[in-house]
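Reading the structure
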Amino acid sequence: MAEPQIFNRHNRTLAAYAIGFAVFLYVPILFIPLFSLNSGLYQRFPMDGITLGWYAQLFTRGPVFDALQNSLQVGLSVALLSTVLAVPAAKALSRAVLPGKRPITGFVMLPLVVPGLVFGVALLVVISRLGVPLSLYTVALGHVVVCLPFAISILLPRFEGANRSLEEASADLGENGWWTFWRVTFPNILPGVVASLLLTFTVSFDEFIMAFFLSGTDATLPMYIWTQLRFPQSFPSLLALSSLILVASFALVFLSLWFARMGRTDTSLVSR
Amino acid sequence: MISIRNVTKSFGRVQAVRDVSLQIRAGEFFSLLGASGSGKTTLLRMLAGFEAVTSGSIVIDGQAMESVPPHNRPINMVFQNYAIFPHLNVRDNIAYGLRRLNIPKPKQAEMVDEMLGLIALPGYGDRRANQLSGGQMQRVALARALILKPKVLLLDEPLGALDKQLREQMQLELRLLQQRLGITFVLVTHDQEEALTLSDRIAVMAQGAVVQVDTPTGLYERPQNRTVAAFIGTMNFFDAVVHRQGMPEVQVQGLGRRRLNGQDGGRPDGTAATVAIRPENLTLHSTQPGPGAVEGVVQAQQYLGGRQMLHVAIPGRTTPVAVAIQGPGDAFISSLSPGQNVWLTWKDDAVLLLDAG
């Protein structure tokens, strides 16, 4: 018999804890797709029957498509804008000889921990003081604030993991900073850029509080769900809609994380 | 070709390079040799333009380099880890620097093919960086730099990552390539053997300063101080004191009085000094061959392939004296075993007198 390995030993208490943790986190969410298939109007056990009718009903609702279109527009612009802004920011935070780099990084990451409510109210105050009418543009602005830290936290390790001497080699071979960025840096951070686009799109697509404060007459999808919650008869189809959003978000985040890790082990082969 | 004048580089309070002045000639294979932290890589990076000089000046081919960024310098570099672009294949890696030169595509392809031939990797053009071995990456890095026909090629420990056999093969290839192309090579290495076999001239660096600049033979046979003597090859050091009454002599710890044949450099009477003798300049005898011989006891035998090293303990000295014997040695040498008494002799000319330290 081999020596007992303390750290690899199967630990029943920990395993039970882990299972309990996962149950607590995800089982409530699983009720949403489950009841979206319930033929009855009320969410209770035993279920009245299985149906896809609520999903079919979604397609007959015009406002759902309007809201979906709004969310897609906002999501795509926010993904593009926050990623474009995050690339030079992440480059500066990882490369530049910058006094106070750590506090600056912390400051940039602040929206992750500042309550959305606070940020939403603050932006609303500023925007209305400036006399800017609320619209999808102001929603997008709020979402960029929320999404920037996500984009930067995805891109920063990409820059830090990248091999500095590749950029030096490019300079040595006669390319200036601009061309070096496009010919060497960008191809090497590309998976991170794709990951950032996917993640920021998902965050924007699912975001509610900023949209609640900053949207005008056009509602995003979460806003639409919020306004429809008052009507019990529309609740089952909202569950169907939520299930679809849930699946799409999971898929996008999973894909994003996969891109974020892609090629990371390859570059270590030639890194310092 | 390269003129380095009083160059100093400080990182905060640390002086990585101190007041270095060097002249590197056109077509020369020049090496910067030193242990890690000796400032050799920093100096090379200043030549490439990746580090700014704190004070002093660098002139390459008659042009001052202060305000010239790396991408405009007439030099190219082979990086320590090769820095092959992982997202490009071998062809695109080699052709990387050609974009700026406005060379038509067919001509570019021709140049790349020529380079692939030069580095003996024809048919490897479509491979990716991660499909190459260390030696192959090394060659691609060379081709990528040489295709631009630089006036100076900088090499930062280019062979450090290779195993011994490949390293020796690449050393030979590098030397032949440099002689064929006539380009000035500046090599950074911590491997004294590599520097000795490759270079026309070597600058030995220690603690940020250049200790000695000389040919390989010069460094080996006439080291100017103990640092250089200890760094290049094996050396036996003895503490000594200069005596000038009558014949110029030196009192050597463990060896007694020895005559000096003008090696003293005019050191006054009573100066503490170091006597250095190469292991191959010592001769072993089974019996006392005459006056001046020193008796010792064989402590250990080291077989090194083409030669062997005997370590002989002598009275009045803590470290044994190393004696090198070329080839298998005669019957007497092969009969030696630890614990045996032997006698050591050497020619007066083989003694180097250095500053104490």
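Residues numbered from 1 in each chain as written. Chains lettered and ligands numbered in written order. Predicted model: local features only at pLDDT ≥ 70, side-chain atom pairs only at ≥ 80, totals over all residues.

Quick notes on the overall build of chain A
Within chain A one finds 12 helices and 0 strands. Start at the N end of chain A and walk to the C end: the helices and strands fall as α-α-α-α-α-α-α-α-α-α-α-α. Along the first, second and third principal axes, the C-alpha set of chain A runs to 75 × 70 × 30 Å. (Helix = DSSP H or I, 4+ residues; strand = E, 2+ residues; numbered from the N terminus.)

Some points on the overall build of chain B
Helix and strand counts for chain B stand at 9 helices and 20 strands. For the C-alpha atoms alone, the extent of chain B along its principal axes is close to 80 × 45 × 35 Å. For chain B, the residues scored as buried account for 38% of the 357 residues in total. Of the contacts made within chain B by residues no fewer than 6 positions apart, 65% connect residues no fewer than 24 positions apart. (Buried ≥ 20, exposed ≤ 12 C-beta atoms within 10 Å, placed from the backbone. Contact = placed C-beta atoms within 7 Å.)

Focus: the sheet that holds strand β5 (residues 63–64) of chain B
Residue and element names in this part refer to chain B. Strand order in this open sheet of 4 strands is β2-β1-β4-β5, and the pairing throughout is antiparallel. Each having just a single partner strand, β2 (14–24) and β5 make up the two edges of the open sheet. Pairing geometry for strand β1 (residues 2–11) and strand β4 (residues 55–60), over 5 bridges, is antiparallel. Looking across to β4, one finds that Thr 8 is bridged to Ser 55. (Pairing = 2+ DSSP bridges.)

Some points on unusual backbone geometry
Residues and elements named next belong to chain B. Not every positive phi belongs to a glycine, and Lys 149 is a case in point at roughly 50 degrees. Relative to the assigned elements, Lys 149 resides in the loop between α4 (134–146) and β7 (152–156). For Lys 149, a count of 11 C-beta atoms within 10 Å corresponds to the exposed category. The phi torsion at Glu 157 lies on the positive side, around 40 degrees, for a residue other than glycine. On the secondary structure map, Glu 157 appears in the loop between β7 and α5 (164–181). Taking the number of C-beta atoms within 10 Å as the measure of exposure, Glu 157 has 20 and is therefore buried.

Some thoughts on the sheet that holds strand β20 (residues 352–355) of chain B
Adjacent strands of a sheet form backbone hydrogen bonds with each other and so pair up, either parallel or antiparallel. All names here are of chain B. The strand order across the open sheet formed by 5 strands is β13-β12-β11-β14-β20, and the pairing between neighbours is antiparallel. Strand pairing shows two members of the sheet lacking a second neighbour, β13 (256–259) and β20, which therefore form its edges. In this sheet, neighbouring strand axes are inclined to one another by 40 degrees on average, regardless of whether the strands run parallel or antiparallel. Bridge analysis of strand β11 (residues 236–243) against strand β14 (residues 272–277) gives 6 bridges, and the strand direction is antiparallel. Across the sheet, residue Asn 236 finds its bridge partner in β14, namely Ile 277. (Axes fitted to C-alpha atoms, helices over the stretch in contact; angles between N-to-C directions.)

Some thoughts on the domain arrangement of chain A
Residue and element names in this part refer to chain A. Under the domain assignment used here, chain A contains domain 1 (9–51) and domain 2 (64–264). Using only C-alpha atoms to locate each centre, domain 1 and domain 2 end up separated by 30 Å. Between domain 1 and domain 2, the residue contacts involve 7 residues of the former and 8 residues of the latter. Looking at the side of domain 1 that touches domain 2 residue by residue, the classes come out as 5 nonpolar, 2 polar and no charged. (Domains from an automatic or database assignment. Nonpolar A, V, L, I, M, F, W, Y, C, P; charged D, E, K, R; others polar.)

Points about the environment of Thr 60 of chain A
Residue and element names in this part refer to chain A. Mapped onto the fold, Thr 60 is located in the loop between α2 (53–58) and α3 (62–95). Classification of Thr 60 as exposed rests on a count of 8 C-beta atoms within 10 Å. Sequence separation between Thr 60 and Phe 213 is 153 residues; the distance between their C-alpha atoms is 28 Å.

Looking at the packing of α3 of chain A against helix α8 (residues 177–206) of chain A
Residue and element names in this part refer to chain A. In the contact formed by α3 and α8, the axes pass within 8 Å of each other and the chain directions differ by 135 degrees. Relative to α8, the element α3 lies oblique. Note that α3 runs across α8; the crossing there is right-handed. Contact residues: Ser 71, Val 74, Gly 75, Leu 76, Val 78, Ala 79, Ser 82, Thr 83, Ala 86 and Val 87 in α3; Val 193, Ser 196, Leu 197, Thr 200, Phe 201, Ser 204 and Phe 205 in α8. Here the contact of α3 with α8 is built from residues that sort into 10 nonpolar, 7 polar and no charged. (Parallel < 35°, antiparallel > 145°, perpendicular 65-115°, else oblique. Left-handed = near helix turned anticlockwise from the far one by under 90°.)

Examining the domain arrangement of chain B
All names here are of chain B. As far as domains go, chain B holds domain 1 (2–230) and domain 2 (234–286 + 293–355). Computed from C-alpha atoms alone, the centre-to-centre distance between domain 1 and domain 2 is 38 Å. Opposite the 5 residues of domain 1 that make contact, domain 2 presents 7 residues. For the side of domain 1 that touches domain 2, a count of residues per class yields 3 nonpolar, 1 polar and 1 charged.

A few points about the pairing of β4 of chain B
Along any regular strand the residues' side chains alternate between the sheet's two faces. Residue and element names in this part refer to chain B. Taken together, the 2 bridges between β4 and β5 define a ladder with antiparallel strand orientation. Within the sheet, the bridge partner assigned to Val 59 lies in β5 and is Ala 64. Where β4 folds back on β5, the antiparallel hairpin that results is connected by 2 residues, among which Asp 61 adopts a positive phi of roughly 55 degrees.

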